[in-house]
Amino acid sequence: MVPIESRDMDLRRHLRESGIEPKLRGLICEIAEATKYVINAVRTGDLGMAGTSNLYGEEQLALDVLSDRIISDRLENSGLVINISSEEKDIIVNVDSDNNGLFSVAFDPLDGSSLVDVNLAVGSIFSIYKGENILQGGRKQAAALFVVYGPRTTLIYSAKKGVHEFALNHLGDFTLMREKIQMKDTGKIYSPGGLRSKYLPGHKKFIDFLEKRGSKLRYSGGLVPDINQILLKGEGIFMYPALQGAPHGKLRLLFELYPMAFIVEQAGGSASTGKTGILDVKIDNLDQRAPVYIGCKNDVEKVKDFLKE
Ligand code: F6P
């Protein structure tokens, strides 16, 4: 945690003092502004299905559709963006009406949205690329960030100069909480996605190994809070493995894995499919998925031995 007196460092100032280029700074701030409206929708919005009406006959939007609209509109009006692609729409949309845009953004507007019904934490995830190509691959990200809508609203960003956490304060500003977050090399938390009955043998052995080692299970079913926990505690491993009948696991490279892998690697952790670094997996479609092991680097290395057997 940064000392109390540093908490008046807001996101904009932090980006500037970290030497992030002005346009990228502007884009990260635009995204941060958009998420303030998303949190409001999450806190108070109808939990209706898209296409249905409420008591007053007004159209209700599912929260994920509404979040997508809030973020897309903001990016479109920023004047900084060429192409966007949202997990919600699954297409690439050109929003650069005046040909001034510099970046393209892939985002998951409300990851884990089904958890809102039961009042668990959810989040938004963003990947920023320079230029018009949204399928450049994870290593080419200029920055990535996610926002956690939990008991508090927090924002984690990395623009290749460390990983930093901000919290939304009572004035509606994101102020610095933790700077230059670093992960340990091994950890005692594990966050295992996927049905146990569908585990492949190497993965099952790795889970047995973690349990024997005394690792604690921490899994909420929301990628954003689950990774956030590992990142901020500085220890642990999140996994969504290849499963029987699902060799590519569940999670999507573009919207979920690339940005999380970028942030965790910037914090000294690691992310792998079990064979290849997540950021090195080549992408050719928006829906591409991959198995994932992400967290402390020694734990991610260790799983590779189990999967080889
Ligand atoms: O991709 C959506 C998502 O809800 C992630 O946030 C989460 O990590 C995963 O799916 C949970 O999947 P499961 O319900 O299979 O554990």
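Residues numbered from 1 in each chain as written. Predicted model: local features only at pLDDT ≥ 70, side-chain atom pairs only at ≥ 80, totals over all residues. Heavy atoms only, no water.

## Re the domain arrangement of the protein
Interfaces are often sized by the accessible area lost when the parts come together.
Here comes step 1: Taken as a whole, the protein is organised into domain 1 (4-178) and domain 2 (189-308).
Here comes step 2: If you average the C-alpha positions of domain 1 and of domain 2, the two centres end up 23 Å apart.
Here comes step 3: Contacts between domain 1 and domain 2 engage 40 residues on the former and 27 residues on the latter.
Here comes step 4: Regarding the contact of domain 1 and domain 2, the summed buried area is about 2700 Å², with carbon and sulfur atoms giving 67% of it.
Here comes step 5: Area buried by domain 1 at its contact with domain 2 is led by Leu135, Arg139 and Phe146, which between them contribute 23% of it.
Here comes step 6: Run the count over domain 1 and domain 2 and you get four salt bridges.
Here comes step 7: The partner of Asp280 in a salt bridge is Arg139, with the nearest N and O atoms 2.9 Å apart. (Domains from an automatic or database assignment. Contact = heavy atoms within 4.5 Å. Buried area = accessible area lost by both parts, 1.4 Å probe. Salt bridge = Lys/Arg side-chain N within 4 Å of Asp/Glu carboxyl O.)

## Observations concerning the site of the ligand
Here comes step 1: Surveying the vicinity of the ligand reveals the residues Asp111, Gly112, Tyr219, Gly221, Gly222, Leu223, Phe238, Tyr240, Lys250, Leu251 and Glu256.
Here comes step 2: Gly221 places a polar main-chain atom, nitrogen or oxygen, 3.4 Å from an oxygen atom of the ligand.
Here comes step 3: Contact between the ligand and Lys250: an oxygen atom at 2.9 Å from a side-chain N or O atom of the residue.
Here comes step 4: The fraction of the free accessible surface of the ligand (400 Å²) that becomes covered by protein chains is 74%.
Here comes step 5: Residues that form the shell around the ligand fall into these classes: five nonpolar, three polar and three charged. (Near = heavy atom within 4 Å. Polar contact = N/O pair within 3.5 Å; in protein donor to acceptor, adjacent residues only side chain to side chain. Areas by Shrake-Rupley, 256 points an atom, 1.4 Å probe, with all protein chains shown as cover. Nonpolar A, V, L, I, M, F, W, Y, C, P; charged D, E, K, R; others polar.)

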